[in-house]
Each structure stands twice: as C-alpha cells, then as structure tokens.
Amino acid sequence: MFMSQTFRRIHLPVAPKCNIQCNYCSRKFDCMNENRSGVTSKVLTPSQALYYLEQALAIYPDITVVGITGPGDPFANPDETMETLRLVRAKYPEMLLCVATNGLELLPYIDELAQLQVSHVTITINSIDPKIGEEIYSWVRYNKKMYRNVDAAKLLIKNQLESLKRLKTLGINTRVNVIIIPEVNDTHVIAVASKVAELGTDILNYVPFFNTKEIVFENLKEPSAEMVQEIRDATSRLLPQMKCSARCQADAIGILSEINTDAMTQKLAPAALPKKAVECQPYIAVSSTEGVMINQHLGEAERFLIFGMNETGKCILIGARKAPRAGGGEQRWKELAKTLKDCCTILVSGAGNSPKKVLNSHGIEVLVLEGVIKEIVSGIFSGQDLKELINRSPLYSSGSSCNGTGKKCG
Ligand code: SF4
C-alpha cells in the first residue's frame, strides 16, 4: 500500500543533483516527477537530515514515513541517499522508509534498500518506447557518459524495467508515476500501464503534465481533466491507481498535499540547523595528514583529530584518537565506531562503501570532501548550508566517494 494519503510523512531533501533531463522539468526547482511544481527545497547533509527529523518528530510525533524524493534524484546522489536511510534506520527501527526516483541508477542499490527494509519505491516511467522516450528526455548521464536521443531513452527504459523486476523479486512495494504529456505520450501511457502491470507494479499514479516557463515543453498544453479521466478509466482494470495526483515537495512534512507549517519551515532555516547533530555526539572527527587540511582517506588514517565547540560557540580541537589498525575487515570499522562514538560526523577525503555502511549503522555520518579543517568544521557547527561549504571546497565529492583500489579500507 502507498501511504502518503493516510500516514504522516516527512521528506528529507538530501539529493540535489539529477542524472537526466526531462523536458518538462526546470532544474531551478525540485524534481517534477514527485514534487510540487515551482518549489525549491533546501539541501541537508545526512546528519542534518537526521536532526531535522528529530525536530519534526518533536512537533509531529505521529510521523511514520520518511521519504527521499529529491530535490534532484536520490540515486544521482547515492551516497547521501543511502547514508540518510542507514542513519534513519539505525535510530528509528520502526519507521517506514520510501524513495522516489527516475530509476536510472536505482538497480545497484535495491539489495541494500531491501536490507534496510525500505518498504516503498516509486519510479517515474513515462514511456516504454525509446522513440517516444527520446522526445521526453534531452539527455541521460550514466557511468560518467552522456547519452542523447534514442540511446538515452533506451538506456533509461531498460534500467527502469530491470529495477522494477528486482524490486518485486525482493518484495518491495512499487509505485509507478506516469506524467501524462499531451501530444507526446498521451496515447502511449496505456502501453506503459500494461507493461508495468505485467511486471507486478503495485499501484499506478498518473500525474498531469504541469506547464511552466523555461522548459523544453513550455509550448505544450496541460492535459484536460477529461483526458486524464479517460486514461484512468482505460487502464483501471490493469492495476490499482492512486486517485489523488497532489504532489508535495522534497522537504515536505504532513499528509499528502498539506503544506509545511511555519514551525517546520523555520527548522529548515540555516540558523536552526544543527550545531551538533545529536546531544550525545557533540564532536566531529577529521582525517588529516598535517592537521590543517582534510586530505586523508578514511582507510589511511592512523589517528583522528576531534573537534568540538566551546561555550562561546568557537570551534576547538579537543584532542586526537588513534585509529584501529589496518586489516580485520568489518571489525576494524566497528572498533572505529566505538572509538568515535561521541562524534556525529567524520570528515575524510575518501572512503569506501563498506566502512561507510558500518559507521552509518552506528549513527555516524561520513562526509567526503577536501578543504581547510577550521572552515569546514566551523561551517558544519554553525549550521551553514552544505551547498556553501561545497562551493568553497571545489574538491568536494558527493558522488562515488572512493576512487581507490579498496585496499585502504580493508
Ligand atoms: S528526474 Fe526529476 S529532477 Fe531530474 S530532470 Fe526529471 S523531473 Fe527534473
């Protein structure tokens, strides 16, 4: 069952980038596939998102669903998305988790989504015919390569359908969103509905195309209510459909179509974001070769510098802690989690996936970036927008996060 109409949910806006360009989307705003048009959500780090969730739960203790829907695509930002899901799962074992994606880069993460008991995944599929798809998408970026025209659509459709199959194999509830775009896919959506029904999709959601300025489709008309109803009627026997096409935003809180309250909007203001992620984890650990720059890979660190804040709000060095010896696989990272159990975040210049998973499961965020320690640590403590810190640190890596051989993280 898809729950947004009955359960109180919160969206955590941790995924700024996108890996495709839909011709109905202006990237000035949140992803149009799932979110309310014309809204721009702030972007949070995973630990800020966890803090934001804690604040939201204090106001709305009945939040039972946590979702990641953007503001870009969750799996164009897989590190941030997966880390947030792990942190939320570690702290709130009962919470229902969901994600919404264009499906291009979902497949490699589905097994871990199942392990994390992510119960609901939405994929937006507007076409199963590459000839129609090439009219809808300007480009697709995959494995660092740009695809255009029919090749782009072919790749996207293939990955979407494979992901759907895998999700169903693992028993995850799936919703397919289809944007109805007159003169482009309005006569094709029935074929899309048949295909996704055949693959076991649990529910279908038609979303009428919303026209806005500065998009490739700005001269297209929005579909009439009659067109949407006719399409719904023609496909109602194939699979269940959502009756409501209301959309929310990437940092939404509430029941579907509710707008964020002022109280919650204030919680997202930079000044309100965490000076420390949680009370019992007041410190930030840093991996550095000389103590000035964040410039060392997690797996190479022999010691971590520990920073905190004094009473006047100034960032201070608390001390240094020895890292567990290299080797020992997962055990090494469990020991590190113990050593740094009072740290909310570790700042490193690189990290492999397996240590990140272990540390996240102990409620510790791993941020991969390079820059001057004092600037970045102070920025995080003072609740600065991560985007500003990233812009100041050109070497920030929000994506693959590890270009090493993997040996460092053994
Ligand atoms: S997937 Fe979402 S964010 Fe990306 S281009 Fe399409 S609508 Fe925009």
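Just so we're clear, the structure is a prediction, and the values are computed from it rather than from any experiment.

Novice: Could you give an account of the site of the ligand, naming the residues involved and the relevant values?
Specialist: Within the structure, the ligand sits among Cys18, Ile20, Gln21, Cys22, Tyr24, Cys25, Arg27, Cys31, Met32, Asn33 and Asn102. Tallied by class, residues from the shell around the ligand come to 7 nonpolar, 3 polar and 1 charged.

Novice: Explain the pairing of strand E4 (residues 96-101) residue by residue, including any values.
Specialist: A large share of E4 lies buried, amounting to 5 of its 6 residues. Note on the crossover from strand E3 (residues 63-68) through helix H2 (residues 78-91) to E4: the handedness is right-handed. The pairing of E4 with strand E5 (residues 118-124) spans 5 bridges and is parallel. Across the sheet, Val99 pairs through a bridge with Val121, a residue of E5. Traced from E4 through helix H3 (residues 110-115) to E5, the parallel crossover comes out right-handed.

Novice: Summarise unusual backbone geometry; cite the residues concerned and give the values.
Specialist: That bond from Gly70 to Pro71 is cis: its omega, 15 degrees, falls within 30 degrees of zero. Topologically, Pro71 is positioned in the loop between E3 and H2. The backbone phi angle of Glu183 is positive, close to 70 degrees, even though this residue is not glycine. For Glu183, the position within the fold is in the loop between strand E8 (173-180) and helix H6 (189-198).

Novice: Any chance you could break down helix H10 (residues 353-361) for me, citing the residues and the numbers?
Specialist: Looking only at H10, the buried set comprises Pro355, Lys356, Val358, Leu359 and Asn360. Looking at the buried residues of H10, the elements they touch are H2, helix H9 (330-339), strand E15 (343-348) and strand E16 (365-368).

Novice: Quick one: what's the story with the sheet that holds strand E6 (residues 137-142), residue by residue and with numbers?
Specialist: The 3 strands are arranged E2-E6-E7 in an open sheet whose pairing can be described as antiparallel. Either end of the sheet is taken by a strand with one partner, and the two such strands are strand E2 (20-22) and strand E7 (145-148). Each neighbouring strand pair of the sheet contributes to a mean axis angle of 20 degrees, computed without reference to strand direction. Pairing of E2 with E6, which is carried by 3 bridges, proceeds in the antiparallel orientation. Note that in E6 the partner of Gln21 across the bridge is Trp139.

Novice: Could you give me a rundown of the nonpolar core, with the residues and numbers involved?
Specialist: With 49 residues, the main nonpolar core has Leu53, Leu85, Val88, Met95, Leu113 and Val121 as its most contacted residues. The dominant element in this core, judged by the number of residues it contributes, is helix H1 (residues 46-59), at 6 residues. What Met95 contacts, discounting residues up to four positions off in sequence, is Leu53, Leu57, Ile63, Thr64, Val65, Val66, Val88 and Arg89. Of all hydrophobic cores here, the second largest spans 22 residues; its members include Tyr24, Val140, Leu155 and Ile215.

Definitions and limits used
Residues numbered from 1 in each chain as written. Predicted model: local features only at pLDDT ≥ 70, side-chain atom pairs only at ≥ 80, totals over all residues. Heavy atoms only, no water. Near = heavy atom within 4 Å. Nonpolar A, V, L, I, M, F, W, Y, C, P; charged D, E, K, R; others polar. Buried < 20%, exposed > 50% of the residue type's maximum accessible area, 1.4 Å probe, protein only. Helix = DSSP H or I, 4+ residues; strand = E, 2+ residues; numbered from the N terminus. Right-handed = clockwise from strand over helix to strand, strands pointing away. Pairing = 2+ DSSP bridges. Contact = heavy atoms within 4.5 Å. Axes fitted to C-alpha atoms, helices over the stretch in contact; angles between N-to-C directions. Core = buried A, V, L, I, M, F, W, Y, C linked by side-chain atoms within 4.5 Å.

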